[in-house]
Amino acid sequence: MDVIAIEGLVKRYDELLALDHFDLNVAQGEIFGLLGPNGSGKTTSINCMLALLTYDRGSIELFGEPMAPTRYDLKRRIGIVPQQVAVIDELTVRENIDYFCSLYVSDRARRRALVGEAIEFVELEEFVRFRPGKLSGGLLRRLNIACGIAHKPELIFFDEPTVAVDPQSRNAILSGIQRLRAEGATVVYTSHYMEEVEQICDRVMIMDHGRALAQGTPDELKRSIRTGERIVIELEGPSGPRARSRSHASPGAALPARELDRLRALPHVLGVSLAGNLLAVSCEASEHNLTDVLASLRAGNARLGRITCAPPTLNDVFLEITGRELRD
Ligand SMILES: Nc1ncnc2c1ncn2[C@@H]1O[C@H](COP(=O)(O)OP(=O)(O)OP(=O)(O)O)[C@@H](O)[C@H]1O
């Protein structure tokens, strides 16, 4: 059964079309990633699913039932970890978790056990008596998560939970999400960090301008594009007489325009870009890409530093579909 089934959702903020006939299906037990740049409609879609926002057209079913503002029975089965940390400054860590849990669970003894489990889950045992103001950014995020999951929801929304956290807390958050799924939860995870989405999500939707541009497993998405390989070459500064005259011809550029054009004309090359001294060449899958690119650069006397070849990433998928970098 689909835990989430959305059809043809349209949401306008006055003139702005934030969701444009948006469809989404999330199966039970998935970690589903909504990946898109800032303003692409991720938070709006979540707020519609939670019945926190009204919408203009379309339908939303959660757990096979139509979602509505008064469906408290459905809301009880949902957890939300919002983008902005939302905790109460006057309460301690333990009191905060207990407060949010009390919105769903009235039995005190049961709540005490759930709050204890949530504290353990986010590893905040040492900080239970602290007020939020005394916590670092990463610890605050972990408190935010504990408040969202203490009541053991079956469906959990994580809206960019790793923005501005240190790498250690980030890894703890990502592995925590995987554990929640292992315990049976369905997770919707929004992010504009493609590496995280690739790391933990079973399926991903790439969205932009309120529309789904593509969806599938990370591997399916990467196989669906023309790019099969991305070669990145660090160019070293010009030296030697030929190189010096070359740098005269194109002051400031690590590689003259005609060399870039020669690369573009190679078979299987789909795109060439130069940022500072980093040359990136996207190619269709083919056996000789690297040999051809290096031969072309050597013929132009380029001095080469570090060279890497990598399969495409979700950023390449986004770039090929939209013509823009995910992090524009
Ligand atoms: N309350 C609002 N009033 C008017 N416009 C809004 C409102 N909330 C969001 N928008 C606009 O709707 C569009 C979608 O925003 P949304 O916050 O859903 O995107 P997002 O993908 O979640 O982005 P972010 O990663 O920045 O949160 C954006 O253009 C945004 O400016």
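Residues numbered from 1 in each chain as written. Predicted model: local features only at pLDDT ≥ 70, side-chain atom pairs only at ≥ 80, totals over all residues. Heavy atoms only, no water.

**Q** Explain the side chain of Ser 296 to me, using residue names and the numbers behind them.
**A** For Ser 296, the location among the structural elements is in helix H11 (residues 289-299). Residues contacting Ser 296, with those up to four places away along its chain left out, are Glu 259, Arg 262, Leu 263 and Leu 266. (Helix = DSSP H or I, 4+ residues; strand = E, 2+ residues; numbered from the N terminus. Contact = heavy atoms within 4.5 Å.)

**Q** Explain the UniProt feature "domain: ABC transporter" (unreviewed entry) in the chain residue by residue, including any values.
**A** Listed under "domain: ABC transporter" (unreviewed entry) in the UniProt record, and renumbered for this structure, are residues 4-234. Taken as a whole, residues 4-234 contains 34% helix and 30% strand, while its terminal C-alpha atoms sit 45 Å from one another. (UniProt positions renumbered as here; feature names shortened; annotations may be inferred.)

**Q** Got a sec to walk through the site of the ligand? Specific residues and values, please.
**A** Gly 39, Gly 41, Thr 43, Thr 44 and Glu 160 are the nearest of the 13 residues found near the ligand. In the environment of the ligand, an oxygen atom lies 3.1 Å from a nitrogen or oxygen atom belonging to the side chain of Gln 83. In isolation the ligand offers 630 Å² of accessible surface; the protein chains occlude 60% of this area. Contributing elements (two or more residues each) for the shell around the ligand: strand S2 (16-27) and helix H1 (42-49). (Near = heavy atom within 4 Å. Polar contact = N/O pair within 3.5 Å; in protein donor to acceptor, adjacent residues only side chain to side chain. Areas by Shrake-Rupley, 256 points an atom, 1.4 Å probe, with all protein chains shown as cover.)

**Q** Could you give an account of the environment of Gly 210, naming the residues involved and the relevant values?
**A** Mapping Gly 210 onto the fold places it in the loop between strand S9 (203-208) and strand S10 (211-216). Relative accessible area serves as the criterion here: at 0%, Gly 210 is assigned to the buried category. Gly 210 sits 115 residues away from Glu 325 along the chain, and the two C-alpha atoms are 17 Å apart. Ignoring any residue separated from it by four or fewer positions in sequence, one finds Gly 210 in contact with Ala 18, Leu 19, Asp 20, Phe 22 and Ser 40. (Buried < 20%, exposed > 50% of the residue type's maximum accessible area, 1.4 Å probe, protein only.)

**Q** How would you summarise the sheet that holds strand S6 (residues 78-81) if you had to cite specific residues and measurements?
**A** Ordered in space as S6-S7-S8-S3-S9-S10, the 6 strands form an open sheet in which the pairing is mixed. The sheet terminates laterally at S6 and S10, the two strands that pair on one side only. Each neighbouring strand pair of the sheet contributes to a mean axis angle of 15°, computed without reference to strand direction. Sheet analysis places S9 next to S10, joined by 5 bridges and oriented antiparallel. Looking at the pairing, Asp 208 lines up with Arg 211 of S10. Against the sheet, H1 makes contact with strand S3 (31-35), S6, strand S7 (155-159), strand S8 (186-191) and S9, and its axis sits at roughly 150° relative to S7, the strand it touches most. The strands touched by helix H12 (residues 314-322) are S3, S9 and S10; relative to S9, the strand with the most contacts, the crossing angle is about 40°. (Pairing = 2+ DSSP bridges. Axes fitted to C-alpha atoms, helices over the stretch in contact; angles between N-to-C directions.)

**Q** Could you give an account of unusual backbone geometry, naming the residues involved and the relevant values?
**A** You will see that Ala 51, though not glycine, has its phi angle at about 60°, which is positive. Mapped onto the fold, Ala 51 is located in the loop between H1 and strand S4 (57-62). A residue is classified by how much of its surface remains accessible, and Ala 51, at 16% relative accessible area, is buried. The phi torsion at Lys 152 lies on the positive side, around 60°, for a residue other than glycine. Residue placement: Lys 152 occurs in the loop between helix H5 (137-149) and S7.

**Q** An account of the domain arrangement of the chain is needed here, citing residue identities and associated values.
**A** A common measure of how large an interface is: the accessible area buried when the components associate. Taken domain by domain, the chain consists of domain 1 (2-223) and domain 2 (227-311). Just the C-alpha atoms count here: the centres of domain 1 and domain 2 sit 43 Å apart. (Domains from an automatic or database assignment.)

**Q** Please set out the packing of aromatic side chains residue by residue, giving values where relevant.
**A** A complete count under the given rule lists 2 aromatic pairs for this structure. For the pair Tyr 99 and Phe 100, a centre-to-centre distance of 5.2 Å together with 75° between the ring planes defines the contact as edge-to-face. Residue Tyr 99 is classed as partly exposed on the basis of its relative accessible area, which comes to 37%. Among the residues examined, Phe 100 registers a relative accessible area of 19% and is labelled buried. Ring plane angle 80° and centroid distance 5.3 Å describe the contact between Phe 127 and Phe 130, whose orientation is recorded as edge-to-face. Sitting over the face of the ring of Phe 63, Arg 77 holds its NZ or CZ atom 3.9 Å from the ring centroid. (Phe/Tyr/Trp six-rings, centres within 6.5 Å; stacked < 30°, edge-to-face > 60°. Lys NZ or Arg CZ within 6 Å of the ring centre and 35° of its normal.)

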